[in-house]
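# Breakdown of the fold
Chain residues, written in single-letter form:
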Amino acid sequence: MAADELGQPDRAGWEPVDLAQVARDVLDARVSDGIRVDATLEPAVVHGDPRLLASLVANLVDNALRHNSGPHVPLAEISRLFQPFQRRPAGQVDGHGLGLAIVRTIATAHRATLSATARTEGGLTVAVAFGPCHRPMT
Ligand SMILES: Nc1ncnc2c1ncn2[C@@H]1O[C@H](COP(=O)(O)OP(=O)(O)OP(=O)(O)O)[C@@H](O)[C@H]1O
Ligand SMILES: [Mg+2]
């Protein structure tokens, strides 16, 4: 996605995108890696960039696969993890700490609301909510 000097994304190529299909494609790719993921998906069409939305979903799914069985995430650390190059120190050996910053940027570009809560048993629950009458930014 191109962006001008003010950071506004170039919306050429935005189109109706079914988030359920995006999620299905991302999950199917992981299943072929020998991983089973249970998902309940219903059609949810938004206006956006299909490649960016696939990146958003892929980053969240990959994080769930990589980090969700990890230790409890303290509340005070959650917002920091959405900044670039931020990782939790304990036991963290791979990754660049960029995925959640990418997720946040893509959600903002699509005017989606992002929220994250820590699960008591470890891992995060991340919600990305698109408006019911979603329209592209102008
Ligand atoms: N689902 C999750 N459960 C628990 N911790 C998470 C989860 N997702 C992210 N984190 C924590 O937040 C940090 C930042 O995540 P982020 O996706 O930005 O980077 P990363 O996964 O380490 O590397 P990459 O750049 O490859 O995505 C992770 O290092 C991890 O400590
Ligand atoms: Mg990641």
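Residues numbered from 1 in each chain as written. Chains lettered and ligands numbered in written order. Predicted model: local features only at pLDDT ≥ 70, side-chain atom pairs only at ≥ 80, totals over all residues. Heavy atoms only, no water.

To keep things clear, this is the line we draw: UniProt positions are given in the numbering used here, feature names are shortened, and annotations may be inferred rather than shown by experiment.
Named according to an unreviewed UniProt entry, the chain is histidine kinase originating from Asanoa hainanensis. Listed in UniProt under the heading Catalytic activity (unreviewed entry), the comment for the chain reads: "ATP + protein L-histidine = ADP + protein N-phospho-L-histidine."

## Here we look at the overall build of the chain
For the record, the criterion: Runs of E in the DSSP output that reach at least two residues are strands. Runs of H or I that reach at least four are helices, and both are numbered from the N terminus. Classification of residues uses two cut-offs on accessible area relative to the type maximum, computed with a 1.4 Å probe and protein chains only: under 20% is buried, over 50% is exposed, and between them is partly exposed. Exposure was quantified through the Shrake-Rupley algorithm and a 1.4 Å probe, taking into account, for residues, occlusion by the shown protein chains and nothing else.
When you go through the chain residue by residue, the secondary structure sums to four helices and four strands. Of the regular secondary structure in the chain, the N- to C-terminal order runs β-α-β-α-α-α-β-β. Relative to its 138 residues, the chain shows a buried fraction of 33%. Just so you have it, the chain exposes about 8600 Å², and 55% of that area is on carbon and sulfur atoms.

## Some words on the site of ligand 1
In plain terms, the rule: Near is defined per residue: the residue qualifies when any heavy atom it owns lies within 4 Å of the molecule or strand. Between N or O atoms, a polar contact is any pair within 3.5 Å; within protein, one atom must be a potential hydrogen donor and the other a potential acceptor, and residues adjacent in sequence are included only when both atoms are from side chains. Gly is put with the polar residues, along with every residue not named as nonpolar or charged; the nonpolar set is Ala, Val, Leu, Ile, Met, Phe, Trp, Tyr, Cys and Pro, and the charged set is Asp, Glu, Lys and Arg.
Close to ligand 1 lie 18 residues, the nearest being Asn63, His67, Asn68, Leu98 and Leu100. Residue leucine 98 places a main-chain N or O atom 2.9 Å away from an oxygen atom belonging to ligand 1. The contact in question runs from an oxygen atom of ligand 1 to an N or O atom on the backbone of leucine 100, over 2.8 Å. Protein chains bury 91% of the 600 Å² of accessible surface belonging to ligand 1 in isolation. Mapped by element, the contributors of at least two residues to the shell around ligand 1 are α2 (50-67) and α4 (99-109). Residue composition of the shell around ligand 1, grouped by class: five nonpolar, ten polar and three charged.

## Let's talk about the packing of α2 against α4
Going by this rule: Here, axes are lines fitted to C-alpha atoms. For helices the fit covers the stretch in contact, and angles between N-to-C directions go from 0 to 180 degrees. Take the far helix as your reference; a near helix turned counterclockwise from it by less than a right angle gives a left-handed crossing, and one turned clockwise gives a right-handed crossing. In this description, contact between two residues means that some pair of their heavy atoms is separated by no more than 4.5 Å.
Between α2 and α4, the least distance of the axes is 9 Å, while the angle of their chain directions is 145°. Where α2 crosses over α4, the handedness of that crossing is left-handed. Across the interface between the two elements, Leu52, Leu53, Ser55, Leu56, Asn59, Leu60 and Asn63 of α2 pack against Gly99, Leu100, Ile102, Val103, Ile106 and Ala107 of α4. Residues belonging to the contact of α2 with α4 are distributed by class as follows: nine nonpolar, four polar and no charged.

## Observations concerning the pattern of salt bridges
Applied cut-off: The term salt bridge refers to a pairing of a side-chain nitrogen on Lys or Arg with a carboxyl oxygen on Asp or Glu at a separation within 4 Å.
Enumeration according to the criterion identifies eight salt bridges in this entry. Note that arginine 119 is salt-bridged to glutamate 121, the shortest N-O span being 3.3 Å. Judged by relative accessible area, which is 27%, arginine 119 ranks as partly exposed. A network of salt bridges, in which partner residues are shared, links Glu77, Arg80 and Arg88.

## A few points about the environment of leucine 56
One can find leucine 56 in helix α2. Distance from leucine 56 to glycine 99, taken between C-alpha atoms, is 8.3 Å for residues 43 residues apart in sequence. With residues near it in sequence (within four places) discarded, leucine 56 still touches Val103, Ile106, Ala107 and Val128.

## Looking at the environment of arginine 66
Tracing the sequence through the fold places arginine 66 in helix α2. Remark: the alpha-carbon pair of arginine 66 and glycine 123, spanning 57 residues in sequence, is separated by 9.6 Å. Setting aside residues up to four positions removed in sequence, arginine 66 forms contacts with Asp94 and Gly95.

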